[in-house]
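# Examination of the molecular architecture
Each chain is listed here by its residues.
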Number of protein chains: 2
Amino acid sequence: MKTIAIVGASGVVGKELLRSLDYVNFRIEPENLVLFTSPRSAGKEVDTPYGKKVFQAFDLEIVRGFDLIFLSVSGSFTEEYGTALTEEGAIVIDKSSAFRYKEDVPLVIPEINFEHVKDSKYIATPNCTTSILAMPLYPIYKKYGLKKVIVSTYQATSGGGQAAMEELESETRNYLSGDKVLNNKFAHPIPFNLIPAIDSFQDNGYTKEEMKMVWETRKIFGIPDLAISCTSVRIPTFRSHAESVTVETEHPVDVDEVRELLESTPEVKVVDDPDMQHYPMPLTASEAFDVEVGRIRKNDVFGDFGLDFFVCGDQLLRGAAYNAVRIAERVWDER
Amino acid sequence: MKTIAIVGASGVVGKELLRSLDYVNFRIEPENLVLFTSPRSAGKEVDTPYGKKVFQAFDLEIVRGFDLIFLSVSGSFTEEYGTALTEEGAIVIDKSSAFRYKEDVPLVIPEINFEHVKDSKYIATPNCTTSILAMPLYPIYKKYGLKKVIVSTYQATSGGGQAAMEELESETRNYLSGDKVLNNKFAHPIPFNLIPAIDSFQDNGYTKEEMKMVWETRKIFGIPDLAISCTSVRIPTFRSHAESVTVETEHPVDVDEVRELLESTPEVKVVDDPDMQHYPMPLTASEAFDVEVGRIRKNDVFGDFGLDFFVCGDQLLRGAAYNAVRIAERVWDER
């Protein structure tokens, strides 16, 4: 019987990995699924879709004996242990950015570039905004080609983990009570505010969060010189990222045709009915496995080649856990 | 002695008109400044920077006897009474969109195109997102020319008036208490959500709010065919609008030079120091008269001609009341 380890099981993405495995009816016996955490959380019993589980303290020697390992921990932990985990044959699916940009590490959205996996034992998954954007952007690229992509994001606090979501909630309460509003996870108070800077700044004036979308979309789509830019903005929402997207295509676009194309794209849900006031929103995209896309319209700035759309997806699901589980399904089948 | 009437004085913009008049030390005797409202609010006494005032019920015959009229009411009221108000010589400064697009009505940001006023008695002011964007965009246009402008907005609830701001506050309380979250002013619940649609949809798939930026920027800058597009998104903030802007210029741009240019632009405040985590935010732009600009960087998508920046300005001040008062100052001086 094959076995699965989730490393970082106590985090928000860890919980969504369990939910995603259950959602796809992953072929695993409950006793063959083991949850690993830091020593601090070890011993804690939790309810999961696979029954009650007790968190185990991470131990390299034990974990690398598993067949499949979901690695949902920080970049620095991953840099230390990531490759060692594959040494006894395990396949590692890593949500961190530690090895995403290494040439020999495939960076995978399974619906788009599963063929990049080949016989690699180490598979990286993209940043949340990249995987949410890629779902509608890839079929558009395949049909019309891409000349330019310009993105502005509306990112939820879940990107900063459980503590960041709790900070939004507790500090919003403080704001409404007239108490002092604090900030620990964020550089500034987040309630009723926005912060147009996520992660560290690079020499080119973009943040690392913004450049992730550039580097990763190029790698996943296999277009090393794709002209793409991003502005990443944190807003006071809990768990779905939204993105406003302008595209210049190589071939003329037809909006109705794009809508049909996206309607026939698996894992994408077209929510685009102005008369009914239907468009992508965190309210409806949160806790959903599909990515919502709407506001599909011609952008005259690029003449016949211009297209605008708005996308919203759950940062913890398609943006992290669910994408990893979809990779795992395919790997599980093929090996 | 010259006289001023504020029509719509009980609304959020009405209050900010009084604050803006006081801020610029407008040359008016308190007794010559009269506040008009609907009959419903008439008789109410309010504290103002000009002492206690009692709201008067709007009466066309009385109001049009004033020298200067700030019109801060709905488009339909304005359509009915707007032009009649000028018939006895009064100058009307109108915040609504009722006559903005009429060829013979100047649409004015005084720092940019005050010369459009000429001898017109009726002066329209732009939509909030237009006037906030135009402050940094115009000097960039003058120096480098503009080929393309692509904007995504992060708009505060103040754009929907006092009741919309109150809905954000009260429904956020309900959300945090676990009570049902309602929506009256908005098409969907706004707490911890965003709504990517403001105002009615047009045939081209854009909302009227989005097209306002297109129509108005073209008119104010005097570039009838400017290639500009906008995606307008409501987010759960109170009173400052932010905008993520990508520009393609006609001449190569230098980022340091742009920063200097904007630093020397009146009414614009450059807030752009990544090391200090300084960038434009509603938290700092709200209740400020200047428009904040930051995240100034080269956008490689347009090679040497690409520029990105982020702007944030108080929707009620530069976005409405303060712009109107700055026009009034110039008109007052010149007539």
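What counts, and where the lines are drawn
Residues numbered from 1 in each chain as written. Chains lettered and ligands numbered in written order. Predicted model: local features only at pLDDT ≥ 70, side-chain atom pairs only at ≥ 80, totals over all residues. Pairing = 2+ DSSP bridges. Helix = DSSP H or I, 4+ residues; strand = E, 2+ residues; numbered from the N terminus. Axes fitted to C-alpha atoms, helices over the stretch in contact; angles between N-to-C directions. Contact = placed C-beta atoms within 7 Å. Domains from an automatic or database assignment. Nonpolar A, V, L, I, M, F, W, Y, C, P; charged D, E, K, R; others polar. Buried ≥ 20, exposed ≤ 12 C-beta atoms within 10 Å, placed from the backbone. Bend = angle between axes of the 7 residues up to and from the residue. Least-squares fit on C-alpha atoms with pLDDT ≥ 70 in both. Parallel < 35°, antiparallel > 145°, perpendicular 65-115°, else oblique. Left-handed = near helix turned anticlockwise from the far one by under 90°.

On to the sheet that holds strand β11 (residues 240–249) of chain A. Residue and element names in this part refer to chain A. Pairing is mixed in the open sheet, where six strands are placed in the order β10-β9-β11-β14-β13-β12. Strands at the two margins of the open sheet, each flanked by one partner only, are β10 (227–231) and β12 (268–270). Strand-to-strand, the axes of this sheet are offset by a mean angle of 25 degrees, without reference to chain direction. Together, β9 (146–154), β11, β12, β13 (291–298) and β14 (306–314) form the strand contacts of helix α5 (residues 128–144), whose direction differs from that of β11 by roughly 25 degrees. On the sheet, helix α8 (residues 255–263) packs against β12, β13 and β14 and is oriented at approximately 170 degrees with respect to β13.

Residues and elements named next belong to chain A. Under the domain assignment, chain A is made up of domain 1 (4–126 + 320–334) and domain 2 (130–315). Each of domain 1 and domain 2 has a C-alpha centre, and these two points are 25 Å apart. Facing the 15 residues of domain 1 at the interface are 16 residues of domain 2. Put simply, the parts of the chain that give the side of domain 1 that touches domain 2 at least two residues each are α1 (12–23), α4 (110–113) and α10 (317–334). Its residues placed into classes, the side of domain 1 that touches domain 2 shows nine nonpolar, four polar and two charged.

Turning to the interface of chain A and chain B, a few remarks are in order. On the side of chain B, 49 residues touch chain A, which itself brings 49 residues to the contact. Going through the elements one at a time, β9, α6 (162–177), β10, β11, α9 (282–285), β13 and β14 of chain A are the ones with two or more residues in the side of chain A that touches chain B. Here the side of chain A that touches chain B is built from residues that sort into 28 nonpolar, 13 polar and eight charged.

With that settled, the discussion passes to unusual backbone geometry. Residues other than glycine seldom take positive phi values, yet A:Arg295 does so here, at roughly 50 degrees. Here A:Arg295 lies in strand β13. Using a count of 25 C-beta atoms within 10 Å as the deciding quantity, one classes A:Arg295 as buried. Positive phi, normally seen in glycine, also occurs at B:Gln277, with a value near 55 degrees. Here B:Gln277 is to be found in the loop between β12 (268–270) and α9 (282–285). Classification of B:Gln277 as partly exposed rests on a count of 13 C-beta atoms within 10 Å.

With that settled, consider helix α10 (residues 317–334) of chain B. The principal kink in α10(B), of about 35 degrees, is found at B:Asn323. When you tally the buried positions in α10(B), you get 13 out of 18 residues, the bulk of the element.

Our focus in this paragraph is the relation of the copies chain A and chain B. When chain A is fitted onto chain B, the two copies agree to an RMSD of 0.0 Å after a turn of 180 degrees and an axial shift of 0.0 Å. This pairing of chains is accounted for by a two-fold axis. When you check the interface residues of chain A against chain B, 100% turn up at the interface there too, and the contact is symmetric in its surfaces.

In this section: the packing of α5(A) against helix α7 (residues 208–221) of chain A. All names here are of chain A. For the pair α5 and α7, interaxial distance at closest approach is 10 Å and the crossing angle is 45 degrees. Looking at the two axes, α5 sits oblique to α7. In this structure, the crossing between α5 and α7 has a hand that is right-handed. For the pair α5 and α7, contact is made by Thr129, Thr130, Leu133, Ala134, Tyr138 and Tyr141 and by Lys212, Met213, Glu216, Thr217, Ile220 and Phe221, respectively. Grouping the amino acids of the contact of α5 with α7 by side-chain chemistry returns seven nonpolar, three polar and two charged.

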